[in-house]
Amino acid sequence: MKLSGLFKVSLVAAAMTLAGCGGDIEITPTVNDNSTSTDNSVNNSNNSSGGGTSTEVECTSYETDAGTVEGIFDGLDCLYNDSFASKNIQITANLTFNELPGGGVHVFDDALLFGLDGDTSQGFEIPQNGPTLTVKPGAKLAFKSGDAIIRVARGAKIQAIGTFEKPIVFTSAKAFERLDAEGNGPLYADWGGIIINGKGITNGCTDAERDAATCNRPSEGITSYYGGNDNSDSSGNIKFAKIWYAGSGPKVGGEGDDLNSLTLNAVGSGSLFEYIHVHQGYDDGVELFGGAANLKRIIVTDSQDDSFDFDSGWQGNAQFLYAMHGTVTLPDGTVVHMGNGGFEADGIKGEATEQAPTSNPTIANVTVITTDGLSVRDNDPSIAFKFDDSFTANYYNVLMTKDVATQTSCINFSSDGERQADKIIFNSAVMSCASEFAGEDSFVSGSEPDSLTATTKAAWFERGGINQRIGEGADVFAENGFATNTASTDITIDANDLSTLDSDFFESAPYIGAVSDQDTDSTWYKWVETAVNAARAD
């Protein structure tokens, strides 16, 4: 029996009736060519999503040499088994996922590997005009496996552009009761997350490799390759999207070989990631390895490891970043803490050179809310910033808080992180933390640069009054608990007007923190409000 992904209600209703009578219903195949051996069969016995819809629905499809491969509509959801997408299939045709009627979901059994991946040192040529993965407003993509990822290869693009009213959702299949066989609900590491591989510059490769077009840095968590010599490259855009319950690890490479919720590997400045809510990821919320991708209006709540992780020479811009650590209740009732760093800031993966320098982003309007908890992931403390590996950056209008500190602090330097601490510059930043700096009060004697030897970390941060330390419990948030209280008498420094920054990217935002209490009608304010309320309730 051969059926396409286009079903009419009468057929769905008949199938559901048979299932209710105890009959086994097998729907095979979805490859519309008798000559193919591809099997897209799905056993839908007693497994209808239920409800049905009076609208004709066509699931996503693509062409192969064997014929048309497409998902199966079960009356509400579109189902994609491992004949449509898996860790053994690289899809090189354009794909589009539309919003499904009636709350339907695109459900994947396995990984969605998009675009052709390969190692250029072994003769592989990166496609110059690869395929585009398009996700339309309101579409929901759900994944059943911790190994199921979305991987976008070099040369391919993702265009996932939602709206505030109709955001795109990437999530666990268990977030939908009809798809949750165990009934425990969704949890971090339910699926693998999104990996985007670009052709930008990473100092994980050598100058010789870049010059010879043989920069092939293996991605964490799953074998695929990224890197090149074009920091202006575009891998597409994601806007108005939710990425929930993703990440996993460690993988076969051991500690550090993890899957993040959103991994941007050497993605260039031609890409923008904006209005994204990452929630309850296993590893990092957003991690960037080199490149120059730009971030704007992103909130990360309750990721186990770092909310934002910068590494391998990232040179991009970012504005309006919000990180909030909290707790999660497990199915057995245990309450666990989520969150290591609001920001883990690393400069070098291999060796920094003039061609591929250390990380040096410009970041404005940041809020980090930490706890005094130790993450369930690795028992590491909740901190606002960790600086490592010769990282450098300019931060503007930052607010960091920690109301209790019996075992945690707000800022931590590794010994390597102190090497260029004079080039980590805060401008109009407020630290409201019960414990401010982990370890020694001063930079280590003999550290590089010599100008910071024996300088106190408090003095380094304050910069002669440009920034402010006001201790725990200060009046920094509005009554809603997430927006900066712009009328606070505890905050006595002025926000930086950002007029010296690149006006093509940075917007005027003359307040400290990521969100202002005077901005309640803005889409960004409402985006954060929605995200914070969802995180508090989850």
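Just so it is clear, the model here is predicted, and its values are computed rather than measured.

**Student:** Tell me about the overall build of the chain, residues and numbers included.
**Tutor:** The helix and strand inventory of the chain stands at four helices and 35 strands. Put simply, the chain has 538 residues, and 58% of those count as buried. The contacts of the chain with a sequence gap of at least 6 include a subset with a gap of at least 24, amounting to 73%. Carbon and sulfur atoms form 44% of the exposed surface of the chain, whose accessible area is close to 20300 Å².

**Student:** So what about the nonpolar core? Which residues, and what values?
**Tutor:** By size, the foremost hydrophobic cluster in this structure holds 82 residues, and its most contacted members are Met400 and Trp460. With four residues, the single largest contributor to this core is strand 31 (residues 393–402). The residues touching Met400, leaving out its near neighbours within four places in the chain, are Val368, Ala384, Phe385, Cys410, Ile411, Phe426, Val430, Met431, Ser432, Cys433 and Phe461.

**Student:** Run through the pairing of strand 20 (residues 262–265), naming residues and quoting values.
**Tutor:** The alternating pattern of strand 20 places Leu262 and Leu264 on one face and Thr263 and Asn265 on the opposite face, and all of these are buried. The pairing of strand 16 (residues 193–197) with strand 20 spans four bridges and is parallel. Within the sheet, the bridge partner assigned to Ile196 lies in strand 20 and is Leu264. As defined by bridge partners, strand 20 adjoins strand 22 (residues 286–289) across four bridges and the pair is classed as parallel. Bridge pairing in strand 22 places Asn265 opposite Phe289.

**Student:** Before we move on, can you summarise the layout of surface pockets with the specific residues and values?
**Tutor:** Volume-wise, the largest pocket comes out at about 610 Å³. Surrounding the largest pocket, 32 residues form its lining, Asp305, Asp306, Glu344, Arg377 and Asp378 being those nearest its centre. Within the residue set of the lining of the largest pocket, elements represented by two or more residues are strand 24 (308–311), strand 28 (341–346) and strand 30 (383–388). A breakdown of the residues in the lining of the largest pocket according to their chemical character gives six nonpolar, seven polar and 19 charged.

**Student:** Which residues make up the environment of Ala142, and what are the values?
**Tutor:** Position of Ala142 among the secondary structure elements: in strand 12 (residues 140–143). Expressed as a C-alpha distance, the spacing of Ala142 and Leu79, which sit 63 residues apart in the sequence, is 9.8 Å. Sequence-distant contacts of Ala142, defined by excluding residues within four places in its chain, comprise Val105, His106, Val107, Phe108, Thr171, Ser172, Ala173 and Phe176.

**Student:** Which residues make up the packing of aromatic side chains, and what are the values?
**Tutor:** In this structure the tally under the stated criterion is 37 aromatic pairs. When the centroid spacing of 4.6 Å and the interplanar angle of 55° are considered together, the rings of Tyr80 and Phe84 count as tilted. The burial state of Tyr80 is the same as that of Phe84; both residues are buried. Measuring from ring centre to ring centre gives 5.6 Å for Phe97 and Phe108, while their planes differ by 65°; the resulting arrangement is edge-to-face. Residue Phe97 is located in strand 8 (residues 95–97), and its partner Phe108 is located in strand 9 (residues 106–108); the two are separated by eleven residues in the primary sequence. Sitting over the face of the ring of Phe505, Lys296 holds its NZ or CZ atom 4.3 Å from the ring centroid.

**Student:** Residues and numbers for the state of the cysteines, please.
**Tutor:** By the definition in use, this model includes three disulfides. In this model Cys59 forms its disulfide with Cys78; the gap between the sulfur atoms is 2.0 Å. Disulfide Cys59-Cys78: torsion about the S-S bond near -90°, hence left-handed. Of this pair, Cys59 sits in the loop between strand 2 (42–43) and strand 3 (61–64) while Cys78 is found in strand 6 (residues 78–80), placing the two residues 19 residues apart along the sequence.

**Student:** Before we move on, can you summarise the side chain of Asp309 with the specific residues and values?
**Tutor:** One can find Asp309 in strand 24. Although Asp309 is buried, it makes no salt bridge; Lys349 carries the closest opposite charge, 7.7 Å away.

**Student:** Account for the pairing of strand 30, with residues named and values stated.
**Tutor:** Counting buried positions along strand 30 yields five of six residues, so the element is predominantly enclosed. Where strand 28 lies against strand 30, five bridges are found, and the strand directions are parallel. Along strand 30, the bridge assignment pairs Ala345 with Phe387. Bridge count between strand 30 and strand 32 (residues 411–413): three bridges; the pairing is parallel. Pairing of Phe387 across the sheet is with Phe413, part of strand 32.

**Student:** I'd like a rundown of helix 4 (residues 523–537), residues and numbers included.
**Tutor:** Helix length check: helix 4, at 15 residues, gives a terminal C-alpha distance of 21 Å against a target of 21 Å (1.5 Å per residue), a fit within 8%. Restricting attention to buried positions, one finds in helix 4 the residues Trp524, Tyr525, Trp527, Val528, Ala531, Val532 and Ala535. For helix 4, the angular spread of buried residues about the axis comes to 160°, placing them on one side. Those residues of helix 4 that are buried are in contact with strand 19 (236–244), strand 21 (272–279), strand 23 (294–301) and strand 25 (317–324).

**Student:** How would you explain the side chain of Gln319 if you had to name every residue and give the values?
**Tutor:** Within the secondary structure, Gln319 sits in strand 25. Judged by relative accessible area, which is 0%, Gln319 ranks as buried. There is a polar contact of 3.1 Å between the side chain of Gln319 and the side chain of Asn365. If we ignore the near neighbours within four places in the chain, the residues touching Gln319 are Leu295, Lys296, Arg297, Ala364, Asn365, Leu498, Phe505, Phe506, Glu507 and Ala509.

**Student:** Describe in detail the sheet that holds strand 10 (residues 112–114), supporting the description with residues and values.
**Tutor:** Across the sheet, which stays open at both edges, the ten strands sit in the order 7-10-13-16-20-22-24-28-30-32 with parallel pairing between neighbours. Strands at the two margins of the open sheet, each flanked by one partner only, are strand 7 (90–91) and strand 32. Bridge analysis of strand 24 against strand 28 gives three bridges, and the strand direction is parallel. Bridging from a neighbouring strand, Phe308 pairs with Phe343 of strand 28.

**Student:** Give me the confidence of the model for the chain: which residues, what numbers.
**Tutor:** Model confidence for the chain is summarised by a mean pLDDT of 89, while 87% of its residues fall at 70 or above. Considering only residues more than four positions removed or in separate chains, one finds that residues 1–50, a stretch of pLDDT under 50, has 97 contacts.

**Student:** Now, about the pattern of salt bridges: what can you tell me, with residues and values included?
**Tutor:** On inspection of all chains with the given rule, the structure shows 17 salt bridges. In this structure, Glu182 and Lys174 form a salt bridge, with 3.8 Å as the shortest nitrogen-oxygen distance. Relative accessible area serves as the criterion here: at 57%, Glu182 is assigned to the exposed category. Note that Lys239 is salt-bridged to Glu274, the shortest N-O span being 3.9 Å. With Lys239 in strand 19 and Glu274 in strand 21, this residue pair connects regions lying 35 residues apart in the sequence. Exposure remark for Glu274: the relative accessible area of 8% places this residue in the buried category.

Each value, and the rule that gives it
Residues numbered from 1 in each chain as written. Predicted model: local features only at pLDDT ≥ 70, side-chain atom pairs only at ≥ 80, totals over all residues. Heavy atoms only, no water. Helix = DSSP H or I, 4+ residues; strand = E, 2+ residues; numbered from the N terminus. Buried < 20%, exposed > 50% of the residue type's maximum accessible area, 1.4 Å probe, protein only. Contact = heavy atoms within 4.5 Å. Areas by Shrake-Rupley, 256 points an atom, 1.4 Å probe, with all protein chains shown as cover. Core = buried A, V, L, I, M, F, W, Y, C linked by side-chain atoms within 4.5 Å. Pairing = 2+ DSSP bridges. 1 Å grid on protein atoms, 1.4 Å probe; cavity = no way out; pocket = protein on both sides within 12 Å on 5 of 7 lines; lining within 4 Å. Points joined across faces, edges and corners; volume = space filled by probe spheres on them. Nonpolar A, V, L, I, M, F, W, Y, C, P; charged D, E, K, R; others polar. Phe/Tyr/Trp six-rings, centres within 6.5 Å; stacked < 30°, edge-to-face > 60°. Lys NZ or Arg CZ within 6 Å of the ring centre and 35° of its normal. Disulfide = S-S within 2.5 Å. Lys, Arg positive; Asp, Glu negative; His and termini not counted. Salt bridge = Lys/Arg side-chain N within 4 Å of Asp/Glu carboxyl O. Expected span 1.5 Å × (residues − 1). Arc of directions from axis to C-beta. Polar contact = N/O pair within 3.5 Å; in protein donor to acceptor, adjacent residues only side chain to side chain. pLDDT = per-residue confidence, 0-100.

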